[in-house]
Amino acid sequence: MSRQALYDGWTLRAASGAEVPAGIAGRTVPATVPGCVHTDLLDAGLIPDPYLDDNELAVAWIGRTDWHYRTSFRRPTGDHDRVDLVCAGLDTVATLTVNGVEVGRTANMHRGYRFDVRALLRDGDNDLSVAFDSAYRYAEAQRERLGDRPNAYPEPFHFIRKMACNFGWDWGPTLVTAGIWQEISLHAWSTARLATVRPLVTMDGHDGRVELHVDIERVADVPLTVRAVVAGVRAEVIVPTGQHTAVLTLTVREPALWWPRGYGEQARHPIDVTLHAPDGDTLDTWSHRIGFRSLRLDTTPDDHGTPFTLSVNDVPIFVRGVNWIPDDAFPTRVTSDRLAKRFDQAAEANVNLLRVWGGGRYESADFYDLADERGLLVQQDFLFACAAYPEEEPFASEVAAEAAEQVTRLTPHPSLVLWTGNNENIWGWHDWDWQPALAGRTWGRGYYLDVLPRIVGELDPTRPYWPGSPWSGTEAIHPNDPAHGTTHIWDVWNTDDYTRYREYVPRFVAEFGYQAPPAYATLRRALSDEPLAHDSPGMAHHQKAANGDAKLQRGLDAHLPTPVDFDDWHYLTQLNQARAIQLAVEHFRSHRGICAGTIVWQLNDCWPVTSWSAVDGDGRRKPLWYALRHAYADRLLTVQPRDGGLVLVAVNETAEAWTATAAVTRFTLTGEPRAKTSVDLDVPAYSSVVLALPTDLARPDDARRELLIAEAGGTAERGLWFFAEDREVDWPAAAWDATVEPVNGGQRVRVMARTVLRDLTLFPDRLDASAIVDTALVTLLPGESVIFTVRADVVLDQAALTTRPVLRCVNDIG
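For the structure given in this document, a descriptive report is provided here. These numbers come from a predicted model, not from an experiment.

Things to note about the overall build of the protein
From N to C terminus, the protein includes 17 helices and 44 strands. Rg of the C-alpha trace for the protein: 28 Å, near the compact-globule value of 28 Å for 814 residues, within the 12% margin. The C-alpha extent of the protein, read off along each of the three principal axes, is 90 × 70 × 60 Å. Residues classed as buried in the protein amount to 61% of the 814 residues present. Across the protein, contacts joining residues at least 24 apart in sequence account for 69% of those joining residues at least 6 apart. Per element, the accessible surface of the protein, about 29,400 Å² overall, is 47% carbon and sulfur.

Listed below in structure tokens is the structure:
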């Protein structure tokens, strides 16, 4: 087997059409492969950056245009029985020709294709053309043919097997791409090749077991040999004439196990598979790394409903998750280094699971390799989101082929722990008035409850499959019932205040979120608005959620002082997002034993936008990230309202018992203690305890001037409880003393409080776009201090570092 990458010499041009701008019509430009039309036109200087201002609108014509890619190549040297043109990913509706002869057509971004082109090749240059039809035209034609079906947005994304969020979302731009977005190459081979390799990895007691399924494509009817080795254990099997499959079983005695982050090491073991001809020559090879671990999803009904508890190596895992969307609208710009930074940001926020959301893509090999390496669990949605999907041809065949390919591709990865059938589609069918509009037409049920579970069960029975997110476990119970299976909570944000989170005691929360704008430096890079305002043109264009600003304002009105200017609004909306999610996570974690996990919407963004993310489109951490780091800490101390009083909840997500003395004190805002209690904590590993607080402690003398502080001797971050909303608290005007000193790679800012300082936060990116800070959202009583460590490419102005709008707290508003 020889492989020849076809990355060089590509050109791109638009097909003629009225929508094509005069400066681009008829013009041929260099093309980067893998890549897409938008990035090639950007590189050529022919279109504006669609992420800036409202330039997205100026490039809308691209998705309605046909495009032609072309290159030439030399045929592989040597004599081969087959030469295949292998396309790992074409976006999306493509016709391929070699030397003027059509070799194939594609209509699915989410799968690969292989075409035998040997008979068409000649000596010298060979011409390869890939013509892409407009994704819009294809999808709209399918919609017309099959009949419209409801969805969340007025776009035809559910009538084409393509990244749905290309057509816009409530956090994303409408940038309908086309192009050769994954590897394209020639595979030259003889006799036979390894078509697929599926290592099904399980545990048998303390021993690891690999059941290795191999599919072989042949062009010669001869006996073959498959050999495999993992962790020093070898196996081989003879594949007789006429047979195309083989199964090898390898048992590894007491291997080092793969664990999620925080639970143990991420031991991985190379596995090598080779295919041999009768004379012993090697025909093909396949290599990967696997991890030995057991996996179980417990959904056995109990007194509280239907649990949803993942166990790895027989240890129940409380999921501290985040939802993952494509990190860029143009996938080839997401490098391995960029992914590694996002994974670091997730791990540093104490996250242990990423849910790959169903409106995006099956992620890159780099993504799953990093998850394996870092111990981040992965829940992978099949790619259906927020719409009724047709089950007729060609979609039925494409979905089955896509699912089979992706399930097979991802079997080696120990990080992958759950397949999910769709995002919100079963819920939509129940609650979003779809049924009258569908009038009996197909909507995807057959995929989620038949096709997909059958494919997962046949190709990878080692992993659980769950038909949807949300899903209760049965059609007899509403799909979004919080007491059963997984639930999404979106009445908070859409209609209700975030304190409503406390009314839920769910088994597993797979989505919940709250919006805020991106970092100031991100806004300044992306928008030319002068002055910036929450409703200035660029800000309005980069707010995609329906009534998003009104919902932000509703949240501010309920909790925080009235902003005087944009700087106040920016700080307070970011703070309110952090408060909402911290409240939710701490509440859900306080019900550990009933609730088995939370997946916050969302970790990341694909462009600069006001959204639910913790990390914005330029990779900057919003205050939510710091709040998430606190709320997802291994050991959490939180004060919660319960049964008319207050309780102290200590949550321990470590393998060691947590023993400490906790003190809970009621203070005035001036730092005067009014009441205090001490309790001995003894929290078993992977458990929690709930301790009622005395009435004299839990009832303030003056709700507007008092708070509770819970501390456990430095074994966990302290927990706070305020008796009144910030807008009602009798805050003193903020006062502090600050000093700045240089440190290696940055500066250290020490703030000493002269008054109470509520959620003190430093925003150094306002001074330089490279600047980051190590902590945020710090509440200090008079006499207390905090040190912020700032890293930046330049030395920042000391006076600016210690005054507003860079250094902010709630009680400096007004």
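Still more to cover.
So, the sheet that holds strand β32 (residues 645-652)
Where strands meet in a sheet, backbone hydrogen bonds hold them as pairs that are either parallel or antiparallel. Here three strands make up an open sheet; going across it, the order is β31-β32-β35 and the pairing antiparallel. The open sheet has two edge strands with one neighbour each: β31 (635-642) and β35 (687-692). Pairs of neighbouring strands in the sheet enclose a mean axial angle of 20 degrees, with direction left out of account. With eight bridges joining them, β31 and β32 adopt antiparallel strand pairing. Directly across from L637, in β32, lies its bridge partner A650. Sitting on the sheet, helix α14 (residues 566-590) is in contact with β31, β32 and β35, with an inclination near 90 degrees to β31.

Considerations on the packing of aromatic side chains
Tallying each qualifying case throughout the model produces 41 aromatic pairs. Ring centres of W493 and W612 lie 5.8 Å apart, and the angle between their planes is 80 degrees; on these two criteria the pair is classed as edge-to-face. A residue pair is termed long-range when its members are at least 10 positions apart, and W493 in helix α10 (residues 491-494) and W612 in the loop between β30 (597-600) and α15 (623-631) qualify at 119 residues. Neither residue differs from the other here; W493 and W612 are each classed as buried. Taken together, the ring pairs connect Y153, F157, W169, W171, W357 and W601 into an aromatic cluster. In this structure, R161 is placed above the aromatic ring of F384, and the distance from its NZ or CZ to the ring centre is 4.5 Å. The cationic tip of R766 hangs over the ring face of Y520; the distance from NZ or CZ to the ring centre is 3.9 Å.

Thoughts on the packing of helix α13 (residues 548-559) against α14
Contact pair α13 / α14: the axes reach a minimum separation of 10 Å and the direction vectors enclose 85 degrees. The orientation of α13 relative to α14 falls into the category roughly perpendicular. Counted together, L552, Q553, G555, L556 and H559 of α13 and W569, L572, T573 and N576 of α14 form the full contact between these two elements. Tallied by class, the residues present in the contact of α13 with α14 amount to four nonpolar, five polar and no charged.

Thoughts on the pattern of salt bridges
All chains considered together, the criterion is met by 62 salt bridges. Ionic pairing is found between E56 and K544, a salt bridge with its closest N-O pair at 2.9 Å. Here the residue E56 occupies a position in helix α2 (residues 55-58), and K544 occupies one in the loop between α12 (537-541) and α13, the gap between them amounting to 488 residues. Salt-bridge contacts for R209 lead to E211; the nearest nitrogen and oxygen are separated by 3.3 Å. A cluster of three or more residues bridged by salt bridges with shared partners is formed by R82, D84, R114, D116, R193 and E217.

Regarding helix α5 (residues 365-374)
Along α5, the residues that are buried comprise F367, Y368, L370, A371 and D372. Along its buried surface, α5 packs onto β23 (319-324), α4 (336-348), β24 (353-356), β25 (377-381) and α6 (395-410). Within two residues after α5, G375 carries a phi angle of roughly 75 degrees, on the positive side.

Some details on the packing of α4 against α5
Following both chains from N to C, one finds α4 and α5 inclined at 40 degrees, their axes separated by 10 Å at the closest point. It follows from the interaxial angle that α4 and α5 lie oblique. In terms of crossing hand, the pair formed by α4 and α5 is right-handed. Taking contact as the criterion, the partners of S336, L339, A340, F343 and D344 in α4 are, on α5, D366, F367, L370, A371 and R374. Of the residues that constitute the contact of α4 with α5, the class distribution is six nonpolar, one polar and three charged.

Focus on the pairing of strand β7 (residues 93-98)
Of all six residues in β7, five are buried; the element is thus mostly enclosed. As paired strands, β7 and strand β8 (residues 101-107) are joined by six bridges and run antiparallel to one another. Paired with V93 across the bridge in β8 is A107. Counting the residues that bridge the hairpin from β7 to β8 gives two residues, and of these N99 lies at a positive phi of roughly 50 degrees. Note that β7 and strand β10 (residues 125-132) share five bridges and pair antiparallel. Bridged to T97 within β10 is S129.

Re the side chain of R293
Tracing the backbone shows R293 in the loop between β19 (282-290) and β20 (295-298). For R293, the side chain forms a polar contact with the main-chain oxygen of P414, separated by 3.0 Å. Side-chain polar atoms of R293 contact the backbone oxygen of L416, separated by 3.1 Å. Beyond its immediate stretch of four places on either side in the chain, R293 contacts V201, M203, W258, V312, N313, H413, P414, L416 and R463.

Describing the environment of G172
Among the secondary structure elements, G172 is positioned in the loop between α3 (135-146) and β11 (179-180). Separated by 435 residues in the primary sequence, G172 and W607 have C-alpha atoms spaced 7.1 Å apart. If sequence neighbours within four positions are ignored, G172 has contacts with K544, C606 and W607.

Focus on the side chain of R579
Relative to the elements of secondary structure, R579 occurs in helix α14. There is a polar contact of 2.8 Å between the side chain of R579 and the side chain of D726.

Examining the sheet that holds strand β21 (residues 309-312)
Here three strands make up an open sheet; going across it, the order is β20-β21-β22 and the pairing antiparallel. The open sheet is flanked by β20 and β22 (315-317), the only strands paired with a single partner. Strand-to-strand twist of the sheet, defined as the mean angle between neighbouring strand axes without regard to direction, takes the value 35 degrees. Looking at chain direction, β20 and β21 are connected through four bridges and run antiparallel. Within β21, the residue paired with R296 across the bridge is S311.

Some details on unusual backbone geometry
Residue P34 is bonded to the preceding V33 through a cis peptide linkage, with omega at 0 degrees. Take P34: it is sitting in the loop between β3 (28-30) and α1 (37-43). Residue S469 is joined to P470 through a cis peptide bond whose omega torsion reads 5 degrees. Relative to the helices and strands, P470 resides in the loop between β27 (465-466) and β28 (487-489). Backbone geometry places N547, a non-glycine residue, at a positive phi of 55 degrees. Relative to the assigned elements, N547 resides in the loop between α12 and α13. Relative accessible area serves as the criterion here: at 58%, N547 is assigned to the exposed category.

Parameters at a glance
Residues numbered from 1 in each chain as written. Predicted model: local features only at pLDDT ≥ 70, side-chain atom pairs only at ≥ 80, totals over all residues. Heavy atoms only, no water. Helix = DSSP H or I, 4+ residues; strand = E, 2+ residues; numbered from the N terminus. Rg over C-alpha atoms; globule rule 2.2 N^0.38 Å. Buried < 20%, exposed > 50% of the residue type's maximum accessible area, 1.4 Å probe, protein only. Contact = heavy atoms within 4.5 Å. Areas by Shrake-Rupley, 256 points an atom, 1.4 Å probe, with all protein chains shown as cover. Pairing = 2+ DSSP bridges. Axes fitted to C-alpha atoms, helices over the stretch in contact; angles between N-to-C directions. Phe/Tyr/Trp six-rings, centres within 6.5 Å; stacked < 30°, edge-to-face > 60°. Lys NZ or Arg CZ within 6 Å of the ring centre and 35° of its normal. Parallel < 35°, antiparallel > 145°, perpendicular 65-115°, else oblique. Nonpolar A, V, L, I, M, F, W, Y, C, P; charged D, E, K, R; others polar. Salt bridge = Lys/Arg side-chain N within 4 Å of Asp/Glu carboxyl O. Left-handed = near helix turned anticlockwise from the far one by under 90°. Polar contact = N/O pair within 3.5 Å; in protein donor to acceptor, adjacent residues only side chain to side chain.

These results come straight from atomic positions and should not be treated as a statement about function.
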